[in-house]
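Fold and contact review
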Amino acid sequence: MDQSTALSSKGINWWSGGKSPFNLEYGKLMMWFFLVSDAFTFGGFLISYGTVRFSQNYWPDPSVVFNAFPFAGHANLPLAFVSVMTFVLILSSVTMVLAVHAGHNRNQKEVEKWLIWTIIGGLFFLGCQAWEWHHLYFGDLPVVRNGHIELIGQATNINPWENWFKAKRWQMR
Amino acid sequence: MEQASVISPEITFEHHQDTPSFKKRVIKTTIILSVITLIELALGFTIYLLHKGTTPPSYSLVLFFKGVICILTMLKAYYIVSVFMHLGDELKRFIIAIILPMLLFVWFIIAFLWDGSSYRDLNNTYNKYFYETTTPGKQTVEKAVPLEPVGKQ
């Protein structure tokens, strides 16, 4: 550790070549640049949503649209499912941190354990998203009617992939 | 130190903590993140309940709550990126190299929301049909017609 303190002191010219000026290995540096571009990709999606939303006079209240919870029927539970998913995200980032730390300690068993928990968290989150999108698509459609939100049946009662699935099943037989 | 030099000779900056202090740090950050999330939830419910009332809530009050939620979310992002993703342990110039491009979001958000809002204003001014059909309380149509199921066989 003496060497590192000496190098991070001010006397060293970091840009003279022969060493990484960011003191990082290539993979880590590129992962960060990937994360920057990833942030801009998703930022682009979210801001285009914002543009569409700002261009409309009326937009359904999200806490009315997203008030459903799996297996809770028509119970009005605004924000509940969203917060469950937020907690899943936080917990899976914790397990990932623990996996990285175990990796630093060269503890393979711990790495496997925490990575499996992270994967479970990721799959749980994906499942939640799948449920929510399915519900948004096949659930009740909120419309504004005389200035009030009312639910009028479904956006569609047809599964657009139904025929595709049927065709696949037929092919597999 | 030896392991690091095997990967790449110039890498000397190891931010490796011993397990007890690392665990403490992770637990502390997790608690902070959970508490911030709970506060955000409480604020979200407050906004929801304000909208539930018979009179429409004060616009600036709701805006204030939303602003607080935005600031708390930024705080959460700071903790996740700094502690969980270890960016806080890197050299300062690298932190700047990652954070500085993010400032483009300031322009990005303002410009594109402004664009959407301007599109709405233009529509409301020059497209009376848009204005009448999309403004709550302005509808001339009495009944909302459910969408026809598409592609039914």
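Provided above is the structure to which this section pertains.
Residues numbered from 1 in each chain as written. Chains lettered and ligands numbered in written order. Predicted model: local features only at pLDDT ≥ 70, side-chain atom pairs only at ≥ 80, totals over all residues. Heavy atoms only, no water.

Here we look at the overall build of chain B
Note the threshold: Helix and strand definitions here come from DSSP, where helices need a minimum of 4 consecutive H or I residues and strands a minimum of 2 consecutive E residues; each element is numbered from the N-terminal end. Relative accessible area decides the class of each residue, using a 1.4 Å probe on protein chains only: under 20% of the type maximum gives buried, over 50% gives exposed, and in between gives partly exposed. Exposure was quantified through the Shrake-Rupley algorithm and a 1.4 Å probe, taking into account, for residues, occlusion by the shown protein chains and nothing else.
When helices and strands are counted, chain B shows six helices and zero strands. Reading the secondary structure of chain B in the N-to-C direction produces α-α-α-α-α-α. Counting over 153 residues, chain B shows a buried share of 27%. With the model as given, the accessible surface of chain B reaches about 10,600 Å², and the carbon-plus-sulfur share is 69%.

Some remarks on the pattern of salt bridges
What counts here: We define a salt bridge as a side-chain nitrogen of Lys or Arg found within 4 Å of a carboxyl oxygen belonging to Asp or Glu.
If you walk through the whole model with that rule in mind, you get five salt bridges over all chains. Lys28(A) is the salt-bridge partner of Glu90(B), the closest N and O atoms lying 3.2 Å from each other. A residue pair is termed interchain when its members come from two chains, as with Glu90(B) in the loop between helix H3 (59-84) and helix H4 (92-102) and Lys28(A) in helix H2 (residues 26-54). Residue classification places Glu90(B) among the buried positions, given a relative accessible area of 6%. Among the ionic pairs, Glu110(A) bridges to Lys113(A), the shortest N-O distance being 3.3 Å. Here Glu110(A) pairs with Lys113(A), and both are found in helix H5 (residues 108-138), just three residues apart, close to one helical turn.

Overview of helix H5 (residues 104-126) of chain B
Formally: The span you would expect from a helix comes to 1.5 Å times its residue count less one.
The terminal C-alpha atoms of H5(B) lie 33 Å apart, and with 23 residues this matches the ideal 33 Å at 1.5 Å per residue to within 8%. Buried within H5(B) we find Phe105(B), Phe108(B), Gly116(B), Ser117(B), Asn123(B) and Asn124(B).

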